Amino acid sequence: MARPDLILRDLTAPASDGYPLSMRLISGPQPTHAVLVTSGTGFPKGFYERFARHLAGRGAAVLTHDMRGIGGSRPDDLAAMRMTYEDWGRLDMPAALEALIGETPGLPVTHVGHSVGGHFAGFMPNHARIRRHAFVAVGSGYWRKHPLSYNPVELFFWWGYGPFSLTRHGYIKGGSLWRGADLPRGVFLPWRKWCHDPRYFGERLLTELQPNHFAEVTAPIRSWIFTDDPIANTRTGPDMLKVYPNAPSELVVRRPADYGVARVGHEGMFRRGMEPVWDEIADWLTAD
């Protein structure tokens with residue numbers, strides 16, 4: 001149960017290119033460790049509020065933040081926004097980490113990465129300041145490694161709804177087929193490109209996705225995936241751990257029934273009822 005004495009503070013901090021990012025810090029009065037929570041594609045920071053409060057109730061100072069183009073970090077004219085998908089990892093996540101460290105001097109820092117938040121940890125130039133990573137629903141987006149039943153939905157998103165929305169709005173509009181927040185063009189196009197390549201990041205990490213630091217990451221990674229998640233599954237989860245070749249890693253496979261719920265999917269780990277797995281993650285983050 002969350003403690004009643006939690007402190008919530010909203011702040012804005014610039015990325016290294018000056019872009020203002022919306023953040024929220026949640027902690028008890030005397031936190032013992034710090035946790036950076038990085039969002040999946042199209043998830044605003046408020047989606048992680050209940051999870052963050054739970055970790056804070058266990059002694060963490062937790063920072064959530066909106067990637068550029070999303071939620072409180074969205075510009076007035078999203079259609080005119082110029083960015084690349086990797087900016088989230090190269091510019092935004094590092095800025096959030098520095099903001100967390102600045103607010104919690106001297107505390108050990110860990111990271112919970114949801115979906116692309118785990119994908120992009122290797123783009124962070126300051127990744128060495130993180131002592132361990134908990135990945136949630138982190139798996140390759142390559143569509144042929146997803147269940148056949150899911151393929152029509154994702155292919156229609158990539159080649160039907162997505163192009164239509166870009167033409168009509170100049171960005172991917174949320175609320176119908178795409179249930180996440182509105183997405184900038186610069187997120188959608190590379191995302192689609194990667195998800196059609198069986199190598200996913202693959203050799204791109206040696207060429208067009210330079211600079212990056214995936215091979216330099218040595219902090220331990222434990223990756224939670226759920227059996228009803230069509231994206232991060234037992235085929236795609238290991239693929240993403242391979243792009244961190246020098247990090248000790250472990251894949252943890254869980255069923256919804258393990259927690260007495262009917263569905264977890266790609267995002268349900270952060271919803272009410274999943275407190276037992278939140279405790280698993282908290283225990284992992286604070287282990288010696």
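In what follows, the structure referred to is the one given above.
Right, let's walk through the structure included here. In this text, all values refer to a predicted model and were calculated from it rather than measured experimentally. (Residues numbered from 1 in each chain as written. Predicted model: local features only at pLDDT ≥ 70, side-chain atom pairs only at ≥ 80, totals over all residues. Heavy atoms only, no water.)

Remarks on the overall build of the chain
Line of reasoning, step 1. Helix and strand content of the chain: seven helices and eight strands.
Line of reasoning, step 2. Taken over the C-alpha trace, the chain has a radius of gyration of 18 Å; the compact-globule value for 288 residues is 19 Å, and the two agree within 12%.
Line of reasoning, step 3. For the C-alpha atoms alone, the extent of the chain along its principal axes is close to 50 × 40 × 35 Å.
Line of reasoning, step 4. Sequence separation of 24 or more characterises 70% of the internal contacts of the chain that already satisfy a separation of 6 or more.
Line of reasoning, step 5. Surface exposure of the chain reaches about 12100 Å², of which carbon and sulfur atoms provide 54%. (Helix = DSSP H or I, 4+ residues; strand = E, 2+ residues; numbered from the N terminus. Rg over C-alpha atoms; globule rule 2.2 N^0.38 Å. Contact = heavy atoms within 4.5 Å. Areas by Shrake-Rupley, 256 points an atom, 1.4 Å probe, with all protein chains shown as cover.)

A few points about the packing of aromatic side chains
Line of reasoning, step 1. Counted according to the given criterion, the structure contains 30 aromatic pairs.
Line of reasoning, step 2. Each ring, one from Phe120 and one from Phe201, has its centre 6.5 Å from the other, and the planes form 20°; the classification is stacked. Pair noted here: Phe120 is in the loop between helix H3 (116-119) and strand E6 (133-136) and Phe201 is in the loop between helix H5 (185-195) and strand E7 (221-226), with a separation of 81 residues, a long-range link.
Line of reasoning, step 3. Look at Phe120 and you get buried, because its relative accessible area is 0%. (Phe/Tyr/Trp six-rings, centres within 6.5 Å; stacked < 30°, edge-to-face > 60°. Buried < 20%, exposed > 50% of the residue type's maximum accessible area, 1.4 Å probe, protein only.)

Points about a nonpolar patch on the surface
Line of reasoning, step 1. A cluster of nonpolar side chains, contributed by Val153, Phe156 and Leu177, occupies part of the molecular surface with about 260 Å² of accessible area.
Line of reasoning, step 2. Mapped onto the fold, Leu177 is located in the loop between helix H4 (151-169) and H5.
Line of reasoning, step 3. Taking relative accessible area as the criterion, Leu177 reaches 35% and is therefore assigned partly exposed. (Patch = residues over 30% accessible without salt bridge, like charges linked within 9 Å, V, L, I, M, F, W, Y side chains within 5 Å. Salt bridge = Lys/Arg side-chain N within 4 Å of Asp/Glu carboxyl O.)

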